[in-house]
Amino acid sequence: MSNKNAFKLIVIAIFCSPLRSLEPPTAQLHIHDFDYERDAHDASRILYQNHELLFGSPGFNVWKMLMARSLTPDVADSHGSLHMHLLKKESPDPLLGFIAYETNQPERTVYFKLLVICEKNRSQGLGARLINLMAHKLKQQGYIHATFETRALKNKRAVAFYDKIFARWPGILCTKKPLEVPNKEITDVVRYTISLINA
């Protein structure tokens, strides 16, 4: 299996702790579209802090990913496929989190690939808030479904988080099931599919 296909199988979410609330924290939060010149330094810092769990391969080049906007930066056809955003608050030290996804416009589906909250800002409900903000944003763009994938054994915190937030998710569609990957050794991947219609 090529690196391109392998990266499409896994999304790792890194934030931790029990979900406190789906309501926004006191601080004013904003979603910013990623701009390489402005944001690459801050984004690379938060991604390298969680490099092994996010990308698996120690040799994965975060800077190339950010520049190419692709999880397979060495594949030219994939450039621009990764949509990236930052969760920020008012200064000082505004960066709170990073999220990235790919889309299938004909199916109006979003595939979340990366989600990470800065370590010092965890346990504040920011992971849930980031998902909610993005769900509203993507719904306005016409998307109706979103998927999240994680490894059930290697990332139990993410599984516990998703189980809790999506148990309360509005709408009819919210499924969790093992991801079937033909001819692949990874067997503990679970995929969550949610509806954005009532987000």
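Sequence order as written defines the numbering, with residues in each chain counted from 1. The model is predicted, so local features are restricted to residues of pLDDT at least 70 and side-chain atom pairs to those at 80 or more, both for listing and for counting; the totals for chains, interfaces and linings are taken over all residues. Just so you know, side-chain values use all the structure's heavy atoms and leave hydrogens and water out.

Attention shifts here to the pattern of salt bridges. Each salt bridge in this description consists of a side-chain nitrogen of Lys or Arg and a carboxyl oxygen of Asp or Glu lying within 4 Å of one another. Counted according to the given criterion, the structure contains 6 salt bridges. Salt bridges linked by common partners bring R38, D39 and K88 together as one network.

Locating G127 in the fold gives a position in helix α5 (residues 126-140). Take G127: its relative accessible area is 5%, and that puts it in the buried class. Separated by 35 residues in sequence, G127 and Y162 have C-alpha atoms that sit 9.9 Å apart. Contacts: residue pairs with any heavy atoms within 4.5 Å of one another. Among all residues touching G127, those that are not within four sequence positions of it are I117 and F161. The helix count covers DSSP runs of H or I at least four residues long, the strand count covers runs of E at least two residues long, and both are numbered beginning at the N terminus. Throughout, exposure labels follow a simple rule: accessible area from a 1.4 Å probe, protein chains only, divided by the maximum for the residue type, with under 20% read as buried, over 50% as exposed, and the rest as partly exposed.

Before going further, it helps to examine the pairing of strand β4 (residues 95-104). The element β4 is extensively covered by neighbouring structure, given that 8 of its 10 residues are classed as buried. Here the rule is simple: two strands pair whenever DSSP picks up at least two bridges between them. Across 6 bridges, the pairing between strand β3 (residues 83-89) and β4 is antiparallel. By the bridge assignment, K88 is partnered in β4 with L95. Across 8 bridges, the pairing between β4 and strand β5 (residues 109-117) is antiparallel. Across the sheet, residue I99 finds its bridge partner in β5, namely L115. Where β4 folds back on β5, the antiparallel hairpin that results is connected by 4 residues, among which R108 adopts a positive phi of roughly 50 degrees.

For the rest of this paragraph, the subject is the packing of aromatic side chains. Ring pairs (aromatic) are described by centroid distance and by the angle formed between their planes. A pair of Phe, Tyr and Trp rings is counted when the ring centres sit within 6.5 Å of each other, with Trp represented by its six-membered ring. The angle between the planes then sorts it: under 30 degrees is stacked, over 60 is edge-to-face, the rest tilted. Throughout the structure, instances matching the rule amount to 9 aromatic pairs. Centroid distance F34 to Y36: 6.5 Å. Interplanar angle 80 degrees. Geometry classified as edge-to-face. Taking the centre distance of 5.3 Å and the plane angle of 50 degrees together, the rings of F148 and Y162 count as tilted. Highlighted residues: F148 in strand β6 (residues 145-151) and Y162 in helix α6 (residues 156-167), separated in sequence by 14 residues. Across the pair, Y162 and F148 agree in class, each one buried.

The next thing to look at is the nonpolar core. Membership of the largest hydrophobic core comes to 32 residues, with the highest contact counts inside it found for L87, F112, I131, L138, F148, Y162 and F166. Where this core is concerned, the elements lending two or more residues are β4, β5, α5, β6, α6 and β8 (189-195). With 8 residues, α5 is the largest single contributor of residues to this core. Setting aside residues no more than four positions away along its own chain, L87 makes contact with L29, H30, I31, P94, L95, L96, G97, I117, L126, L130 and L133. The next biggest cluster of nonpolar side chains, apart from the first, holds 21 residues, and it includes L54, L82, L95 and F98. To define a nonpolar core, start from buried Ala, Val, Leu, Ile, Met, Phe, Trp, Tyr and Cys residues and group those joined through side-chain atoms within 4.5 Å.

It is worth spelling out the environment of S195 at this point. With respect to the helices and strands, S195 occurs in strand β8. The class of S195 is buried, set by a relative accessible area of 5%. A polar contact of 3.2 Å, which involves the side chain of S195, links it to the backbone nitrogen of I197. Whenever two N or O atoms come within 3.5 Å, that pair is a polar contact, provided that in protein one can donate a hydrogen and the other can accept it, and provided that, for residues adjacent in sequence, both atoms are side-chain atoms.

Turning to the environment of L130, a few remarks are in order. Checked against the element boundaries, L130 lands in helix α5. Assessed through its relative accessible area of 0%, L130 is described here as buried. C-alpha of L130 to C-alpha of H85: the two residues are 45 residues apart in sequence and 10.0 Å apart in space. When sequence neighbours within four positions are dropped, the list of residues in contact with L130 reads I31, L87, F98, I99, L115 and I117.

Only the stretch in contact is used when fitting a helix axis, every axis being a line fitted to C-alpha atoms; angles between N-to-C directions are given from 0 to 180 degrees. Relative orientation of the contacting elements α5 and α6 amounts to 55 degrees, with a least axis distance of 11 Å. In terms of axis orientation, α5 runs oblique to α6. The crossing of α5 and α6 is right-handed. Taken together, the residues of α6 that come into contact with α5 (itself represented by G127, A128, I131 and N132) are F161, Y162, I165 and F166. By residue class, the composition of the contact of α5 with α6 is 6 nonpolar, 2 polar and no charged. Here the angle decides the label: under 35 degrees means roughly parallel, over 145 means roughly antiparallel, 65 to 115 means roughly perpendicular, and every other value means oblique. What makes a crossing left-handed is the near helix being turned counterclockwise from the far one by less than a right angle; a clockwise turn instead makes it right-handed. Residue polarity follows a fixed list, in which Ala, Val, Leu, Ile, Met, Phe, Trp, Tyr, Cys and Pro are nonpolar, Asp, Glu, Lys and Arg are charged, and the others, Gly among them, are polar.

Without other data, these values stay purely geometric and don't point to any function.
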